[in-house]
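# Architecture and fold: a report
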Amino acid sequence: MTIEEVQNEIIDEFSMFEDWEERYQYMIDLGKDLPLIDEKYKTEDNIIKGCQSKVWVHANMVDDKVNFTADSDAIITKGIIAILIRTFSNQHPAAIIEANTDFIDKIGLKEHLSPTRANGLVSMIKQLKLYAIAYQTQLS
């Protein structure tokens, strides 16, 4: 699937829920299915700066596609990073770099987060794109 196809799938899934209580629960469930980071990568170097909670992200490239794993010490944050990893993992670095993140507004996520969590969301996206830039540089 392309990034846009994954984003549209996420928009469809979130539209099935009546209210944000149900959407938060769905995000928590997504966090439980997150491809977990290996314990050896839970280091200071892999913590996303700018997040209220601790969020660790690790990336590697296989067959010219970036794969992400992550974890967080907070259940909502774990759900947020799970959505982003589902969107960007197993994609070509250039596609990640060029991808827009309007789907986050379309599911209403940013407006239902506290200001510190919303800042953390921006930091997560920025970090995933920085990994993609680093891997794209290796390919060039």
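Conventions and cut-offs
Throughout, residues of each chain are indexed from 1 in the direction in which the sequence is written. Under the rules for a predicted model, residues below a pLDDT of 70 receive no local features and side-chain atom pairs below 80 are neither given nor counted, while totals for whole chains, interfaces and linings still include all residues. Side-chain measures here rest on the full set of heavy atoms in the structure, leaving out hydrogens and waters. UniProt positions are given in the numbering used here, feature names are shortened, and annotations may be inferred rather than shown by experiment. Each helix is a run of DSSP H or I of at least 4 residues and each strand a run of E of at least 2, with the numbering of both proceeding from the N terminus. Partly exposed residues are those whose accessible area sits between 20% and 50% of the maximum for their type, while under 20% is buried and over 50% is exposed, using a 1.4 Å probe and protein chains only. Any two residues having at least one pair of non-hydrogen atoms within 4.5 Å are treated as being in contact. Exposure was quantified through the Shrake-Rupley algorithm and a 1.4 Å probe, taking into account, for residues, occlusion by the shown protein chains and nothing else. Asp and Glu count as negative and Lys and Arg as positive, but His and the ends of the chain are not part of the count. To locate a charge, take atom NZ for lysine, CZ for arginine, CG for aspartate or CD for glutamate. The patches reported here contain residues having more than 30% relative accessible area and no salt bridge. Joining distances are 9 Å for like charges and 5 Å for nonpolar side chains (Val, Leu, Ile, Met, Phe, Trp, Tyr). One speaks of a salt bridge when a side-chain nitrogen belonging to Lys or Arg is within 4 Å of a carboxyl oxygen belonging to Asp or Glu. Strand pairing requires that DSSP identify at least two bridges connecting the strands. Cavity and pocket criteria rest on a 1 Å grid covering protein atoms alone: a 1.4 Å probe that fits but cannot get out defines a cavity, protein on both sides within 12 Å along at least 5 of 7 lines defines an open pocket, and an atom within 4 Å of a point defines a lining residue. Grid points are joined across faces, edges and corners, and a volume is the space filled by probe spheres set on the points. When residue character is reported, Ala, Val, Leu, Ile, Met, Phe, Trp, Tyr, Cys and Pro are called nonpolar, Asp, Glu, Lys and Arg charged, and the others, Gly included, polar.

The name that an unreviewed UniProt entry assigns to the protein is SufE family protein, with the source organism given as Winogradskyella marina. According to UniProt, the comment filed for the protein under the heading Sequence similarities (unreviewed entry) is "Belongs to the SufE family."

### Some words on the overall build of the protein
In terms of helices and strands, the protein carries six helices and two strands. Ordered by position from N to C terminus, the α and β elements of the protein give α-α-β-β-α-α-α-α. Across the 140 residues of the protein, 46% fall into the buried class. Considering only residue pairs separated by 6 or more positions, the protein has 65% of its internal contacts joining residues 24 or more positions apart. When the accessible surface of the protein is totalled, it reaches about 7500 Å², and 49% of it is carbon and sulfur. The protein carries 14 positive and 23 negative side-chain charges, and their two centres are separated by 6 Å.

### Some remarks on a nonpolar patch on the surface
Judged by side-chain polarity, Ile-97, Leu-130 and Ile-133 come together as a nonpolar surface patch covering roughly 230 Å² of accessible area. As for its position among the elements, Ile-133 is in helix H6 (residues 115-139). Residue classification places Ile-133 among the partly exposed residues on the basis of a relative accessible area of 41%.

### Some details on the pairing of strand S1 (residues 55-62)
One ladder, built from eight bridges, connects S1 with strand S2 (residues 65-72); its direction is antiparallel. When the sheet's bridge partners are listed, Val-62 is paired in S2 with Lys-65. As consecutive antiparallel partners, S1 and S2 are separated by two residues, and within that stretch Asp-63 has a phi angle of approximately 50°, a positive value.

### Quick look at empty space enclosed by the protein
If you walk through the whole model with that rule in mind, you get one cavity of 30 Å³ or more. In this structure, the largest cavity is lined by Cys-51, Gln-52, Ser-53, Thr-77, Ile-80, Thr-116, Arg-117, Gly-120 and Met-124. The set of elements that each furnish at least two residues to the lining of the largest cavity consists of helix H3 (75-88) and H6. Here the element with the most residues in the lining of the largest cavity is H6; it accounts for four residues. Tallied by class, the residues present in the lining of the largest cavity amount to three nonpolar, five polar and one charged.

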